[in-house]
Amino acid sequence: MTVTEERVDGLTAAEQAAFDAVVADDGRIEPRDAMPEGYRRTLVRQIAQHAHSEIIGMQPEGNWITRAPSLRRKAILYAKVQDEAGHGLYLYSAAETLGADRADLLDALHAGKQKYSTIFNYPTLTWADTMAIGWLVDGAAIMNQVPLSRCSYGPYARAMTRVCKEESFHQRQGFEGMLTLVRGTEAQRRMAQDALDRFWWPSLMMFGPPDDASPNSAQSMAWGIKRFSNDELRQKFVDVTAPQADFLGLRVPDPELRWNDERGHYDFGTPDWDEFMRVVKGDGPCNRQRLEARRRAHDEGAWVREAAAAHAARRSAVARAA
Ligand SMILES: [Fe+2]
Ligand SMILES: [Fe+2]
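About the criteria used
Residues numbered from 1 in each chain as written. Chains lettered and ligands numbered in written order. Predicted model: local features only at pLDDT ≥ 70, side-chain atom pairs only at ≥ 80, totals over all residues. Heavy atoms only, no water. Donors = N, O, S within 2.8 Å, 3.2 Å for Na, K, Ca; no water. Tetrahedral: all angles 85-135°; square planar, octahedral: opposite > 155°, others 65-115°. Helix = DSSP H or I, 4+ residues; strand = E, 2+ residues; numbered from the N terminus. Phe/Tyr/Trp six-rings, centres within 6.5 Å; stacked < 30°, edge-to-face > 60°. Buried < 20%, exposed > 50% of the residue type's maximum accessible area, 1.4 Å probe, protein only. Lys NZ or Arg CZ within 6 Å of the ring centre and 35° of its normal. Salt bridge = Lys/Arg side-chain N within 4 Å of Asp/Glu carboxyl O. Axes fitted to C-alpha atoms, helices over the stretch in contact; angles between N-to-C directions. Parallel < 35°, antiparallel > 145°, perpendicular 65-115°, else oblique. Contact = heavy atoms within 4.5 Å. Nonpolar A, V, L, I, M, F, W, Y, C, P; charged D, E, K, R; others polar. Disulfide = S-S within 2.5 Å.

The protein is annotated in an unreviewed UniProt entry as 1,2-phenylacetyl-CoA epoxidase subunit PaaA of Aquipuribacter nitratireducens.

Set out below in structure tokens:
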């Protein structure tokens, strides 16, 4: 008679102990290692959502490539938007190491079953919005992603190392673009201020709901996926970004923003979490437009995927015959 060892969350007690030891020791879990089912599911969901954000995030800025104000700006923006496509590809590959199928993840995105960052549901009305996105949105992405380069899942952590180097270029080109605008004409300065006015609060929302309304965070911290809480990251972002706004001579649209000597941090107001929930649920200014554009790009790219698959099949047939 065989005795089947009892499994909890897909693991035997010995496998769970080995997993816990790696996490406690700040080591890396690799694809071949046994891991709790909940850990795998959480990572697939998070990495997919991250990948979707990278590729949907190409749209608001891609909107300005044909209208960039100079050849230099166009070349920079082109490179930046292509980088975001690359980030999406690393991340879909990282999700595949967990047994997920890229086609399924894209189907879930297209069906609205998996989400992407709410920030990309806001429109880019002016050139300054594109620069504000580089400064604020890529700046917020760096705050989020630098700690992820120390996360417990090896392929995700390693993808973040390269991604963060590129995000840092994105943030700087955005800040430099804002600087050019504030040093330009009065109309350009006003355009920069207007972009900050519209993108400030949605950028703070990028860190997710407040800690007391973020039920899965504690488990993600225990698993070594998350290193800082949403509110901690939001505070770090405000502390870094408020002085940059001062340097630009722009006003952050928050009457409660002020340096607190005692805390050694900036105090700041509360984002409109009702707006956040509306945008999460599909009712932001551009949700429909973004998903439609994504579905269309996917359909129009079908021939590329078919050609790539046919080419790969032919190459392996040739290799087998040799
Ligand atoms: Fe990115
Ligand atoms: Fe970026």
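S.K.: What is the right way to read the coordination of the iron ion (ligand 1) from this model?
M.R.: Six octahedral donors around a metal ideally make angles of 90 or 180 degrees; four tetrahedral donors ideally make 109.5 degrees. Protein coordination at the iron ion (ligand 1): the donors are Glu54 (OE), Glu84 (OE), His87 (ND1) and Glu167 (OE), at 2.0 to 2.2 Å from the metal. What the 4 donor atoms of the iron ion (ligand 1) show is an angle range of 86 to 141° at the metal, which sorts the shape as irregular. Sequence spacing of the donors to the iron ion (ligand 1): E-x29-E-x2-H-x79-E. Here the iron ion (ligand 2) and the iron ion (ligand 1) are spaced 3.4 Å from one another, each receiving a donor from Glu84. Highlighted residues: Glu84 in helix H4 (residues 71-96) and Glu167 in helix H7 (residues 154-182), separated in sequence by 83 residues.

S.K.: Looking at this structure, I do not really get the packing of aromatic side chains. What am I missing?
M.R.: The geometry of an aromatic ring pair comes down to the distance between the two centres and the angle between the two planes. In this structure the tally under the stated criterion is 9 aromatic pairs. Measuring from ring centre to ring centre gives 6.2 Å for Phe175 and Phe247, while their planes differ by 35°; the resulting arrangement is tilted. Of this pair, Phe175 sits in helix H7 while Phe247 sits in helix H10 (residues 230-248), and the two are 72 residues apart along the sequence. Residue classification places Phe175 among the buried residues on the basis of a relative accessible area of 18%. Seen from their ring centres, Phe207 and Phe237 are 5.5 Å apart, and the 50° between their planes marks the pair as tilted. Pair noted here: Phe207 is in the loop between helix H8 (186-205) and helix H9 (217-222) and Phe237 is in helix H10, with a separation of 30 residues, a long-range link. Of the two residues, Phe207 and Phe237, neither departs from the other in class, the shared state being buried. Among the aromatic residues, those joined into a cluster by ring pairs are Phe19, Tyr39 and Trp223. The ring centre of Phe228 lies 4.4 Å from the NZ or CZ of Lys236, which sits over that ring.

S.K.: Explain the pattern of salt bridges here, please?
M.R.: Side chains that differ in charge, positive against negative, can pair when their charged atoms come close. Tallied over the entire structure, the rule returns 19 salt bridges. Notably, a salt bridge pairs Glu176 with Arg73, separated by 2.9 Å at the nearest N-O pair. Taken together, the positions of Glu176 in helix H7 and Arg73 in helix H4 put the pair 103 residues apart, joining distant regions of the chain. Among the residues examined, Glu176 registers a relative accessible area of 31% and is labelled partly exposed. Asp283 is paired through a salt bridge with Arg288; the nearest N and O atoms lie 3.6 Å apart. Side by side, Asp283 and Arg288 carry an identical accessibility label, which is exposed.

S.K.: Would you mind going over the packing of helix H12 (residues 287-300) against helix H13 (residues 302-321) with me for this structure?
M.R.: Helix-helix packing is characterised by the crossing angle of the two axes and by the distance between the axes. One can describe the packing of H12 onto H13 by two numbers: an axis separation of 4 Å at closest approach and a directional angle of 40°. Between H12 and H13, the interaxial angle falls into the category oblique. Residues His298, Asp299 and Glu300 of H12 form the contact with H13, whose own contacting residues are Ala302, Trp303 and Arg305. Of the residues contributing to the contact of H12 with H13, the split by class is 2 nonpolar, 1 polar and 3 charged.

S.K.: Where do I start with unusual backbone geometry in this structure?
M.R.: Most peptide bonds take the trans configuration, and most residues that are not glycine carry a negative phi. One non-glycine residue, Asp9, lies in the positive phi region at around 55°. Although it is not a glycine, Asp26 adopts a positive phi angle of roughly 65°. Position of Asp26 among the secondary structure elements: in the loop between helix H1 (13-24) and helix H2 (37-56).

S.K.: Please explain the state of the cysteines as it appears in this structure.
M.R.: What we call a disulfide is simply a covalent bond connecting the sulfur atoms of a pair of cysteines. Inspection of the entire model under this criterion finds 0 disulfides. We note that Cys164 lacks a disulfide partner, and the nearest cysteine sulfur, in Cys151, lies 11 Å from it. In this structure Cys164 comes out as buried when scored by relative accessible area, which is 10%.

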